[in-house]
Amino acid sequence: FIRISSVAVLCSFLVPGLSSAQDHPIDPGVFGLDGTVSFRSQGGDIYSVEGDRQTTASIEPAGFYFIAPGVAVGGQLRIARSSQDVGTSTTLGIGPTALYYFGEPDAEVLPFVGANLLLLRRSSS
């Protein structure tokens, strides 16, 4: 299982240079990017049918814009595809995201909470 997530390095993706009015990475007017890419392949002795391997790949980019100090709104996209000997499924989703950052804007670590609501559509064949 391989999972690469930029959540741990979220602050490095904040782009404070979009406007000269920002002094801190969570000031109003700052645009941020986040996302996750994953790939998983499962199979072997735990499956009862020989060759019944399941493979899943997904990408989930997100973008957000700070509207107030420490408060950001934006959106997220989800694209996932899973295949197995019996067929494949594709999941597409899109929806809004909201983030709130705690602490002082000039702190070295900026903990946050976030929420999103995704409208998902799944198709199988």
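From a predicted model like this one, the values you see are computed outputs, not experimental measurements.

**Q** Sorry, what's going on with the overall build of the chain here?
**A** Summing up its helical and strand segments, the chain has 1 helix and 7 strands in all. When each of the 125 residues of the chain is scored for burial, the buried share is 27%. Relative to all contacts within the chain whose residues are 6 or more apart in sequence, the contacts with residues 24 or more apart total 50%.

**Q** How should I be thinking about the confidence of the model for the chain in this particular structure?
**A** In this model, the chain carries a mean pLDDT of 80, and residues with pLDDT of at least 70 account for 75%. Throughout residues 1–20 the model reports pLDDT below 50, and contacts reaching past four residues in sequence, or to other chains, amount to 37 contacts.

**Q** So what exactly am I meant to see when it comes to the pattern of salt bridges here?
**A** Oppositely charged side chains may form a pair once their charged atoms are brought near each other. Here the structure, examined in full by the defined rule, presents 1 salt bridge. A salt bridge links Glu60 to Arg78; its shortest N-O distance comes to 3.3 Å. With Glu60 in strand β3 (residues 54–68) and Arg78 in strand β4 (residues 71–84), this pair connects stretches of sequence that are 18 residues apart. For Glu60, a relative accessible area of 19% translates into the label buried.

**Q** What is the right way to read the nonpolar core from this model?
**A** Note that soluble globular proteins tend to have their nonpolar side chains buried in a common cluster. Listed in full, the 8 residues of the largest apolar core are Ile26, Val30, Phe64, Phe66, Ala72, Leu99, Tyr101 and Leu110. Among the elements of the structure, β3 and β5 (87–101) are those that each provide at least two residues to this core.

**Q** Got a minute to help me understand the environment of Phe31 in this structure?
**A** Along the chain, Phe31 turns up in strand β2 (residues 31–42). Distance from Phe31 to Gly74, taken between C-alpha atoms, is 9.3 Å for residues 43 residues apart in sequence.

**Q** Teacher, can you tell me more about the layout of surface pockets here?
**A** With a probe scaled to a water molecule rolled over the atoms, the places where space remains empty come into view. Of the voids in this model, the second largest pocket is the one considered here, and its volume is about 180 Å³. In terms of lining, the second largest pocket is formed by 14 residues, of which the most central are Thr56, Ser58, Arg78, Ala80 and Thr91. Looking at the lining of the second largest pocket, the elements with two or more residues in it are β3, β4, β5 and β7 (119–124). Residue classes in the lining of the second largest pocket are distributed as 2 nonpolar, 7 polar and 5 charged.

**Q** Please clarify how the environment of Ala57 should be interpreted in this entry.
**A** Mapped onto the elements, Ala57 comes out in strand β3. The exposure class of Ala57 is partly exposed, given its relative accessible area of 33%. Sequence separation of Ala57 and Ala80 is 23 residues, and the distance between their C-alpha atoms is 5.7 Å.

Conventions used here
Residues numbered from 1 in each chain as written. Predicted model: local features only at pLDDT ≥ 70, side-chain atom pairs only at ≥ 80, totals over all residues. Heavy atoms only, no water. Helix = DSSP H or I, 4+ residues; strand = E, 2+ residues; numbered from the N terminus. Buried < 20%, exposed > 50% of the residue type's maximum accessible area, 1.4 Å probe, protein only. Contact = heavy atoms within 4.5 Å. pLDDT = per-residue confidence, 0-100. Salt bridge = Lys/Arg side-chain N within 4 Å of Asp/Glu carboxyl O. Core = buried A, V, L, I, M, F, W, Y, C linked by side-chain atoms within 4.5 Å. 1 Å grid on protein atoms, 1.4 Å probe; cavity = no way out; pocket = protein on both sides within 12 Å on 5 of 7 lines; lining within 4 Å. Points joined across faces, edges and corners; volume = space filled by probe spheres on them. Nonpolar A, V, L, I, M, F, W, Y, C, P; charged D, E, K, R; others polar.

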